[in-house]
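Chain residues, written in single-letter form:
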Amino acid sequence: MLSRISQFATNTFLVWMLVAALLGFLFPSLLSQLGGWVPYLLGIVMLGMGLSIKPEDFKIVVQAPRAVLIGVILQYTIMPITAFLLAIIFQLPDKLAVGVILVGCCPGGTSSNVMSYLAKANVALSVAITTVSTLLAPILTPLLIFVFAHQWLQVSFIDMLLSVVKVILVPILLGLIIQKVARPVAEKSAEALPIVSVIAISLILAAVVAGSKTVILTSGLLIFLIVILHNVTGYSLGYLCAKILRLNYSDKKAVSIEVGMQNSGLAVSLATAHISPFAALPGAVFSFIHNISGPILARYWAGKEGR
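Residues numbered from 1 in each chain as written. Predicted model: local features only at pLDDT ≥ 70, side-chain atom pairs only at ≥ 80, totals over all residues. Heavy atoms only, no water.

### Considering a nonpolar patch on the surface
Threshold: Surface patches are drawn from residues lacking salt bridges whose relative accessible area is over 30%; two like charges belong together within 9 Å, two nonpolar side chains (Val, Leu, Ile, Met, Phe, Trp, Tyr) within 5 Å. Methods summary: accessible areas were calculated by the Shrake-Rupley approach with a probe of 1.4 Å, and residue burial reflects only the protein chains presented. Note on definitions: salt bridges are taken to be side-chain nitrogens of Lys or Arg within 4 Å of carboxyl oxygens of Asp or Glu. Put simply, DSSP marks the helices as runs of H or I at least four residues long and the strands as runs of E at least two long, and each gets a number from the N terminus on.
A grouping of F8, V15, W16, V19, L22, L23, L26, F27 and L30 is seen on the molecular surface, where their side chains present a nonpolar patch of about 850 Å² in accessible area. Tracing the backbone shows V15 in helix 2 (residues 13-26).

Okay, structure coming up:
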C-alpha cells in the first residue's frame, strides 16, 4: 500500500508543485513563515538520499570512471558559467544575479535519476554522477559561488561551506549510518521516501513563493525566461559535450539530464539562510521548470528509442 502511494506521489509530482506554488501565492503571510524551515526540509530530502544509496551505486565509478568524471566536470562547469553569463547579459540586480548563480553552482538534482530511467538512459551512470557531485558539493558549491558571485555580493566561503555540510553531507552520512546499523528500518523507510520528498520539496516551493510574491508580480517573466534558458542550455551543452567526448547514446542522455537538472532546493536553502527570499526565487522557479522540462525530454527520448 505504502509503495503504491509513493508511486502515485512520484507520478503526480508536478501537480503537487503547482498546488504548492498556488498556495504560496494565495496565502503568503501564512506560508512565508516556513522560510526558516527550508534547510531542515532539504535535510530530510538528503537523509532520504543517504538511506537509498547502495554500494552497487559506486560500481560504475570503478567500471566506467571516464563517463562519471565527464558528467561531474560538465555539471560543475556548464551550469555555473551559464548562470554567470546570463547574469551579465541580462544585467540582473545583485540579489537576483546571486540567486541564479547559486542554482548553477549546485550538484545534480535527485529527480534526474528518475528522468534518466524514463528516458531509457544509463540509470547507473546517472545515479553515480548525482552521488559523486553531491558528495563533492560541500567544497565545490561554496568555492564556485565565491568565484562567480563575489562581484555582486560578498559571499563567505566558510559560511556557505558549513551550510552545505549541514544540509547535504550530515543528513547523507546519517542515512548511510542508519543503513549500516539498522538495515530493516532503512529498508522500510525507503518505501516512504518519495512521499516525504514530495511533501518537503512542495513546502520549500510554497515558502519561497510566499516570501517572494511581490517580486514574482514585478519580475516574474524575466526570472522564468532566465531559468528556462539556464535549464535548456544545461541539457543542450551537456549532450553536445558528451557527444564530442564520444560517450555512447545512453550515456549522452544521462549526462545531459544530469547537467540540466540541479539540486535547486540547495540553492533555495543557501539563499534563504545567507541572502534573502528574493535570491531564493530562481531556485524555486528552477525546481518548477526542470520538473516540467525533464519529463518532456525523457518522454521524447523514450519515444524516439521506441520508434
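Once the structure has been displayed, the description carries forward.
### Concerning unusual backbone geometry
Cut-off, in case you're wondering: Exposure is judged per residue with a 1.4 Å probe applied to protein chains only, and the accessible area is read against the type maximum: over 50% gives exposed, under 20% gives buried, and values in between give partly exposed.
Residue Q91 is not a glycine yet carries a positive backbone phi of 50 degrees. Structurally, Q91 is set in the loop between helix 6 (65-89) and helix 7 (94-104). Positive phi is not limited to glycine here, since K120 has a value of about 60 degrees. K120 gets classed as partly exposed once you look at its relative accessible area, which sits at 44%.

### Quick word on the UniProt feature "transmembrane region" (unreviewed entry) in the protein chain
The test is simple: UniProt positions are given in the numbering used here, feature names are shortened, and annotations may be inferred rather than shown by experiment.
The UniProt feature table records "transmembrane region" (unreviewed entry) at residues 12-31, 37-55, 67-90, 96-118, 125-149, 155-178, 190-210 and 216-242. Between the C-alpha atoms that bound residues 37-55 there is a distance of 31 Å. The span itself is 79% helix and 0% strand. Secondary structure over residues 125-149 splits into 100% helix and 0% strand, and the C-alpha atoms at its two ends are 30 Å apart.

### Points about the nonpolar core
Just so we agree on the cut-off: Only buried residues count toward a nonpolar core, which is a set of Ala, Val, Leu, Ile, Met, Phe, Trp, Tyr and Cys residues joined through side-chain atoms within 4.5 Å. What makes two residues a contact is simply this: any of their non-hydrogen atoms within 4.5 Å.
Core analysis: the biggest nonpolar cluster contains 82 residues, and L102, L125, I145, V255 and L266 have the highest contact counts within it. For this core, the element with the most residues is helix 6, which contributes 11 residues. Look past the residues within four positions of V255 in its chain and what remains in contact with it is G71, L74, L125, I129, G238, A242 and L247. The next biggest cluster of nonpolar side chains, apart from the first, holds eight residues, and it includes M115, A119, Y235 and W301.

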